[in-house]
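Spelled out from the first residue to the last, the chains are:
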Amino acid sequence: CVMAVRETLALLVMFPLNHIVGCVAITLMALCFGNWLGFYLFCLDVFRSVTLAYLTWIAFDKSPSNGGYRWCEKLGIQTYLRRGFWWKLAGAYFPISVTKTADLDSDKPHMFICHPHGIIGCAPMGVFGTDLADLSSLFPDMKIHLLGLKPIFRIPLFREFVLAHGHATPGKKTICNILQHQRSVALVVGGAAESLDAHPGTMKLTLKSRKGFVKLALQNKGTQLVPVITFGENELYTMVANPKGSVVRAVQDKLQKMFGFALPLFFGQFWLPLMPKRSPLKTYIGAPLSVPFIEAPSQQDIDKHHSAYLQALETLFQKHKQQAGFAKCKLEFV
């Protein structure tokens with residue numbers, strides 16, 4: 001019971017949504033009450049001026065497209081943060097486990113394609129954004145950068161936290177830059193649209209029209225595609241029913257197209273709706289798919305290798321769903 005309380009408190013402290021809210025609040029206080037705070041810090045308007053200078057720095061900083069702060073990596077800060085005991089304690093709340101189904105060549109760049117997105121994507125954040133599941137012991141000497149939404153890297157203070165962990169934005173330029181330096185990326189291609197289908201007991205993946213990742217793999221020599229499936233991600237929250245054609249879904253789709261992110265109606269723990277439920281997250285990392293180097297791939301080339309990827313993902317899902325406790329779950333591509 002004591003351990004359960006510790007794990008819950010650890011997740012509560014480390015949960016990204018809580019960090020985001022706190023960082024935004026601190027920034028607004030600095031801008032609105034800079035003079036008052038400055039009086040007690042003996043710096044008056046300087047405090048607010050520094051805040052404005054920092055916001056300007058955010059607008060021009062290129063670190064998000066370079067795979068985070070490289071100086072943190074060189075100084076060992078990134079490794080320290082990713083392997084922190086606080087992450088392992090927070091991860092034990094679910095808990096999160098990872099199974100490697102094949103060896104990967106650390107000398108080659110890889111694109112870990114994670115499924116499903118879920119409401120927030122707790123498994124990708126835990127497995128690839130930190131080392132709470134001991135991924136570094138499964139794939140030693142491999143540098144993996146988790147890619148997140150661009151707006152995340154505009155949030156003051158919070159961006160420093162994720163950049164220090166080696167996270168990056170999901171743009172084409174960023175991915176190519178990382179892959180060409182023989183590093184790997186982890187991304188959730190289903191994105192915001194997929195989060196609207198994150199109902200417990202289902203595995204509906206927005207993937208039929210998502211082919212950009214295949215094109216990028218073809219254009220970057222030596223890159224291998226690695227399917228990653230997590231069972232339990234959609235069980236972390238209960239979603240309000242939003243079938244296609246309903247008013248709720250129509251509004252959600254409209255907002256998603258306007259702002260680039262979805263607004264699913266969900267709740268987790270009854271005492272704190274944003275807090276996910278305790279549900280085991282079981283992640284399986286599949287065998288790599290080698291693709292040829294094609295500088296200017298045709299649509300036929302992209303479709304061919306996209307179909308091969310879907311088949312590999314289907315195989316990974318079917319092979320492990322019973323072991324993960326989801327024997328009745330069906331995989332659906334939309």
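Everything that follows concerns the structure shown earlier in this document.
None of the values given here were measured: they were computed from a predicted structure.

With an omega dihedral of -5 degrees, the bond running from Phe94 to Pro95 counts as a cis peptide bond. Omega for the peptide link from His115 to Pro116 comes to -10 degrees, which places this bond in the cis form. On the secondary structure map, Pro116 appears in the loop between β2 (110-115) and α8 (122-129). In this structure, Asp141 takes a positive phi of about 70 degrees despite not being glycine. Of note, the phi angle at Leu157 is positive, near 70 degrees, even though the residue is not glycine. Turning to its location among the elements, Leu157 is positioned in the loop between β3 (144-146) and α10 (158-164).

Applying the stated criterion to the full structure yields 10 salt bridges. Residue Asp103 is joined to Lys100 by a salt bridge in which the shortest nitrogen-to-oxygen separation is 3.1 Å. Taken together, the shared-partner salt bridges connect Asp61, Arg159 and Glu160 into one network.

A few words now on the packing of aromatic side chains. Ring pairs (aromatic) are described by centroid distance and by the angle formed between their planes. Under the definition given, this model contains 13 aromatic pairs. Residues Trp87 and Phe161 carry aromatic rings whose centres are separated by 6.3 Å and whose planes lie at 35 degrees to one another, so their mutual orientation is tilted. Placement of Trp87 in helix α7 (residues 85-91) and of Phe161 in helix α10 is noted, with a sequence separation of 74 residues between them. Judged by its relative accessible area of 25%, Phe161 falls in the partly exposed class. Look at Phe158 and Phe161: their rings are 6.5 Å apart centre to centre, the planes differ by 40 degrees, and that puts the pair in the tilted class. Here Phe161 and Phe158 lie together in helix α10, a separation of three residues that amounts to about one turn. With relative accessibility at 6%, the residue Phe158 sits in the buried group. An aromatic cluster of at least three residues, connected via ring pairs, comprises Phe231, Tyr284, Phe317 and Phe326.

The rules we used
- Numbering of residues starts from 1 in every chain and runs along the sequence as written.
- Reporting in this predicted model follows two pLDDT cut-offs: at least 70 for local features of residues, and 80 or more for side-chain atom pairs to be given and counted; totals over whole chains, interfaces and linings ignore these cut-offs and use all residues.
- With hydrogens and water set aside, each side-chain value is computed from the structure's full complement of heavy atoms.
- Secondary structure elements follow DSSP: runs of H or I no shorter than four residues count as helices, runs of E no shorter than two count as strands, and numbering proceeds from the N terminus.
- Each reported salt bridge corresponds to a side-chain nitrogen of Lys or Arg within 4 Å of a carboxyl oxygen of Asp or Glu.
- Stacked, tilted and edge-to-face are the three classes assigned to paired rings of Phe, Tyr and Trp, where Trp is represented by its six-membered ring and a pair needs centres within 6.5 Å; plane angles under 30 degrees give stacked, over 60 edge-to-face, the rest tilted.
- Here's how the labels work: a residue is buried when its accessible area is under 20% of the maximum for its type, exposed when over 50%, partly exposed in between, all with a 1.4 Å probe on protein chains only.

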